[in-house]
Each structure stands twice: as C-alpha cells, then as structure tokens.
Amino acid sequence: PPPGPPAPSRRVLATDAPVIARMKELMERRKDAVSLAQGVVHWSPPGRAMEAAAEALREGKGDSYGPCEGLPELREALVQKLRAKNGLTDVDVMVSSGANQAFTNLVLTLIDADHSAVLFAPYYFNHLMALQMSGGAASVELGPRDAAMLPDAAWLEDALARGEEKVRMVVVVNPCNPTGVVVPRERLERVREACERHGAWLVVDNAYEEFVYGGNEHVVVGGRHVCNVFSFSKSHGMMGWRVGYIAYPTKESCGFDLGAELLKIQDTIAICPTQLSQYVALAAMRETDWVRSQVDTLTETRRLISSALAPLG
C-alpha cells in the first residue's frame, strides 16, 4: 500500500496545545463550574464605537484590503496616545489582529530558532507557544520571579552577562498574565538597562495596561531595543474584534527599518488587520473615561474573589 501522509512538522509537534481551548471543551460538559482560565470582560465596545462600525458597514469601508500596517488615522491616533499616556517617543506603530499576532510578528522578525528567549515563570502560555512553533522550543529560558512575583532582575543580569545561551529576546508582561502583578518602574528600567547593555531585545506585553488597582501605576519603557505590545481586547471589550498593536523603534532610533521587516510577516499572515475592527478601535480609543469606568466596576469583584481565596494562602 502507498505510504500515509508525512507527520506534522517538528516545530508544531514541539508546540504545546492551547490550554484555553482545552478548558472550553471541559466547560461545555460542566454546568456547575465557572472558568477563570481566560480574561473575558463583561462589557462590549462603547456605543460610539458600534455606531462607527455601522457607518463603516454602510459605506463599504470593510470590504477591501487596507494598508498592511493598519489604517493611517488609527496609527496616528495610537502614536499620539503612546506619547501622551505612555510617554513613548521615537516609535512607529503597526496594527495587528490582536496582541497575540503582534507578539508572533515580533518573534518571527527579531530572533532565529537558535537564539534564546527569556520568559519569566509563570508566563503567558501563548508566548511560549509562539516561540515553540517558530522552532525555538529548545532555546526558551524560564527565568524566576522574586518573593513579590516580579521578574528576577539579578538572575537576568547574570544570564545576559554569561552570554552562553545567545539570549536575544527578553519578554515581560506588565501587568503580569497570569498573576496580575504590576511591574514598578525601577524594576522595568533595570530589566531594560540589562537588555541594552547586552544587546538583547526587550518585548513588553501591556495587554492589561488599564487593569491596575490598589494605588499601583502602569509604566511603559522605551528605547532602540524595546518593542511594546498593546491590545484593545480587554479594556475596550473588543475580544472578538481582534485588534492589537506594536510600538517599535523608528528607523532613526534603532538604525534600521524594523517596520519593513515586520511588514513581511504581517503581509504573509494577515495581509492587513480587519478594516471594520480598526474603525471600531479608532472610535473606542477616544472614550477614555468610559474605559476607566468599566474597569472600575471590577474593583468589588476583585475584592470578593480575593477574600474568597485568602484562606488558601
């Protein structure tokens, strides 16, 4: 008989199965449990954003391909937001189909399979999967956290100084997914400086930038070796609309055109972000007070859950 089809690639076989998909399968069979596995907010995009979606539909704005890197008016609005809210200058923006695609774009653009990337455990599982499926499964370094659940900067400095593992990328999630811990400015700057000293990229995932409580402050760091990832999914109730973005150093800042290299990945995978979703994002991002009021509704929920879990230690 003829041979069967060849096996899947070694890259994909070395990639973890998505735990969220598995949890959804389990939950379909249970009616007496609540899943806390996935970050899903209880609100939808603000009304003006939905009006913008309806208008875009009526005018046929979502029917054709758009600019590969995102709508110019959205990208310009995001550059202004990054400057005013996050203190980032000398950056360009690429819009993506969610923060996961943004991160995958960066993995495929910034490192090769024989380079090491650092994740701090506990880490966001899709970050590990992106590194695994691009051929880097054996090269992922899992860094520790300290007693406050912050990335262990001393460990990172030692690891980068040794230089034995060709560490090319360091990943920090702020606030952390899954712990929710906010990384203070001093620690983030220390990690940034270590990466700069040793020629490594720092990639910071800021998907939960609005979800900060208890007097903590979300801060963003930049630099010619720093890329920041953001998302509309949680803060703006746009999980299914799939809009994220990358803030990356300009050509003048880092010395080469990183945007042109990112564009190769974006065009191959998505061609362009969904047009309709970008009009929703553009309208939604203007509703800053609305976002804050929605996030604040979780304060009491957070207190109740924390109290319920406190006896577990």
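What you see is a predicted model, and the numbers here were worked out from it, not measured in a lab.

(A) Representation of the pairing of strand S1 (residues 91-96). Of all six residues in S1, five are buried; the element is thus mostly enclosed. In this sheet, strand S7 (residues 244-249) lies alongside S1 in antiparallel orientation, the contact comprising six bridges. Looking at S7, one finds that Asp92 is bridged to Tyr248.

(B) Local environment of the packing of aromatic side chains. Evaluation of the coordinates by the stated rule reveals seven aromatic pairs. With 6.2 Å between their ring centres and 75 degrees between their planes, Phe120 and Trp155 make a pair best called edge-to-face. One end of the pair, Phe120, is in strand S2 (residues 116-120); the other, Trp155, is in helix H7 (residues 153-162), with 35 residues separating them in the sequence. A residue is classified by how much of its surface remains accessible, and Phe120, at 2% relative accessible area, is buried. Classification of Trp155 by relative accessible area gives partly exposed; the value is 21%. Ring geometry for Tyr208 and Phe211: centres 5.7 Å apart, planes at 70 degrees, overall edge-to-face. Members of the aromatic cluster, connected to one another through ring pairs, are Trp43, Tyr208 and Phe211. Its guanidinium or amino end placed over the ring of Phe230, Lys81 lies 4.2 Å from that ring's centre, counting from NZ or CZ.

(C) Main features of the pattern of salt bridges. One pass over the structure, following the stated rule, counts 15 salt bridges. Notably, a salt bridge pairs Arg22 with Glu25, separated by 3.4 Å at the nearest N-O pair. In this pair, Arg22 and Glu25 both sit in helix H2 (residues 19-28), three residues apart, roughly one turn of the helix. Residue classification places Glu25 among the partly exposed positions, given a relative accessible area of 42%. If you follow the salt bridges from partner to partner, you end up with Lys85, Glu210, Arg292 and Asp296 in one network.

(D) Seen up close, helix H3 (residues 47-58). The terminal C-alpha atoms of H3 lie 17 Å apart, and with twelve residues this matches the ideal 16 Å at 1.5 Å per residue to within 8%. All buried positions along H3 are accounted for by Ala49, Ala52, Ala53 and Ala56. Relative to the axis of H3, the buried residues are bounded by an arc of 100 degrees and lie together on one face. Pointing more than 90 degrees away from the buried face of H3 are the exposed residues Arg48, Glu51 and Arg58. For H3, the elements touching its buried residues are helix H11 (275-284).

(E) Broad picture of the sheet that holds strand S3 (residues 140-143). Here seven strands make up an open sheet; going across it, the order is S1-S7-S6-S5-S4-S2-S3 and the pairing mixed. Across the chains shown, the open sheet's two edge strands, defined by having one partner strand only, are S1 and S3. Ignoring which end each strand starts from, the neighbouring axes of this sheet average 20 degrees apart. Against the sheet, helix H6 (residues 125-136) engages S2, S3, strand S4 (167-173) and strand S5 (201-205), with an angle of about 165 degrees to S2.

(F) Main features of the state of the cysteines. As enumerated under the stated definition, the model contains zero disulfides in all. Counting only cysteine sulfurs, Cys254 is the nearest neighbor of Cys227, a cysteine outside any disulfide, at a range of 8.1 Å.

(G) Structural detail: the nonpolar core. In this structure, Leu74, Leu78, Leu82, Val93, Phe232, Met238 and Tyr245 are the most contacted members of the largest nonpolar core, which totals 29 residues. Those elements that provide at least two residues to this core are H3, helix H4 (72-84), S1, S7 and H11. Looking at which element gives the most residues to this core, the answer is H11, with seven residues.

Rules used throughout
Residues numbered from 1 in each chain as written. Predicted model: local features only at pLDDT ≥ 70, side-chain atom pairs only at ≥ 80, totals over all residues. Heavy atoms only, no water. Buried < 20%, exposed > 50% of the residue type's maximum accessible area, 1.4 Å probe, protein only. Helix = DSSP H or I, 4+ residues; strand = E, 2+ residues; numbered from the N terminus. Pairing = 2+ DSSP bridges. Phe/Tyr/Trp six-rings, centres within 6.5 Å; stacked < 30°, edge-to-face > 60°. Lys NZ or Arg CZ within 6 Å of the ring centre and 35° of its normal. Salt bridge = Lys/Arg side-chain N within 4 Å of Asp/Glu carboxyl O. Expected span 1.5 Å × (residues − 1). Arc of directions from axis to C-beta. Contact = heavy atoms within 4.5 Å. Axes fitted to C-alpha atoms, helices over the stretch in contact; angles between N-to-C directions. Disulfide = S-S within 2.5 Å. Core = buried A, V, L, I, M, F, W, Y, C linked by side-chain atoms within 4.5 Å.

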